[in-house]
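Each chain, written out:
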Amino acid sequence: MRYLLTANERREWSRTGDAPSRSELITRFRAARDSTPDTAENEFRMEFERRVAFAEASLARGETRGSITDLDYVFVVLGPPTSVGRTGMAPGDDGSDVRFNSPSKLLDTPPNLRET
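Per-chain numbering applies: the sequence of each chain, read as written, is numbered from 1 onward. pLDDT decides what is reported in this predicted model: residues at 70 or higher carry local features, side-chain atom pairs at 80 or more are listed and counted, and totals for whole chains, interfaces and linings draw on all residues regardless. Only hydrogens and water are removed before side-chain values are computed, so all heavy atoms of the structure are retained for them.

Peer 1: Which residues make up the packing of helix H2 (residues 19–33) against helix H3 (residues 43–58), and what values do they have?
Peer 2: Put simply, H2 and H3 touch, their axes get as near as 7 Å, and they point 105° apart. As far as their axial angle goes, H3 and H2 are roughly perpendicular. Judged by residue contacts, Phe29, Arg30 and Arg33 of H2 engage Phe44, Arg45 and Glu49 from H3. Interaxial angles span 0 to 180 degrees and are taken between N-to-C directions of axes, which are lines fitted to C-alpha atoms, for helices over the stretch in contact. Per the convention used, a helix needs a DSSP run of H or I reaching at least four residues, while a strand needs a run of E reaching at least two, with both numbered from the N terminus. Comment on the angle field: the value is read as roughly parallel under 35 degrees, roughly antiparallel over 145, roughly perpendicular from 65 to 115, and oblique elsewhere. Every residue pair with non-hydrogen atoms within 4.5 Å of one another is taken to be in contact.

Peer 1: Which residues make up the packing of aromatic side chains, and what values do they have?
Peer 2: Centre distance within 6.5 Å is the pairing criterion for rings of Phe, Tyr and Trp, where only the six-membered ring of Trp is used; planes under 30 degrees apart are then read as stacked, over 60 as edge-to-face, and the remainder as tilted. Enumeration over the complete set of coordinates arrives at 3 aromatic pairs. Residues Phe44 and Phe48 carry aromatic rings whose centres are separated by 6.0 Å and whose planes lie at 20° to one another, so their mutual orientation is stacked. Note that Phe44 and Phe48 are positioned in helix H3 at a spacing of 4 residues, about one turn of the helix. Members of the aromatic cluster, joined through ring pairs, are Phe29, Phe44 and Phe48.

Peer 1: Hey, could you go over the environment of Leu113 for me, with residue numbers and the actual values?
Peer 2: The residue Leu113 is located in strand S2 (residues 113–115) in this model. Any residue under 20% of the maximum accessible area for its type is buried, any over 50% is exposed, and the rest in between are partly exposed; the area is computed with a 1.4 Å probe on protein chains only. Accessibility expressed as a relative area gives 22% for Leu113, which makes it partly exposed. Sequence-wise, Leu113 and Gly88 are 25 residues apart; in three dimensions their C-alpha atoms are separated by 4.7 Å.

Next up, the structure:
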């Protein structure tokens, strides 16, 4: 949810300390984004929870849960990619790539490929 809160909702969340009030804020957050509020199902909530579940199951990196990775952020906010590609990469091509800067962190993508 933190990815989708507006600035006002973030301020309200930070001022709200008790569980019942936060639960009500979450209910309002979801209701405001429901594409068909006159139905029993909240399609926004269903899609959001589906994306988070996918991220948990598929985007984890080592001991880091999938729901808190950068990939999760992109997936939850934008949805599934329309295409996935892999391109060759030489060491040092991407200075921000953790494979080259942090040898202790391993990614599923082979070190000579960049997945986009």
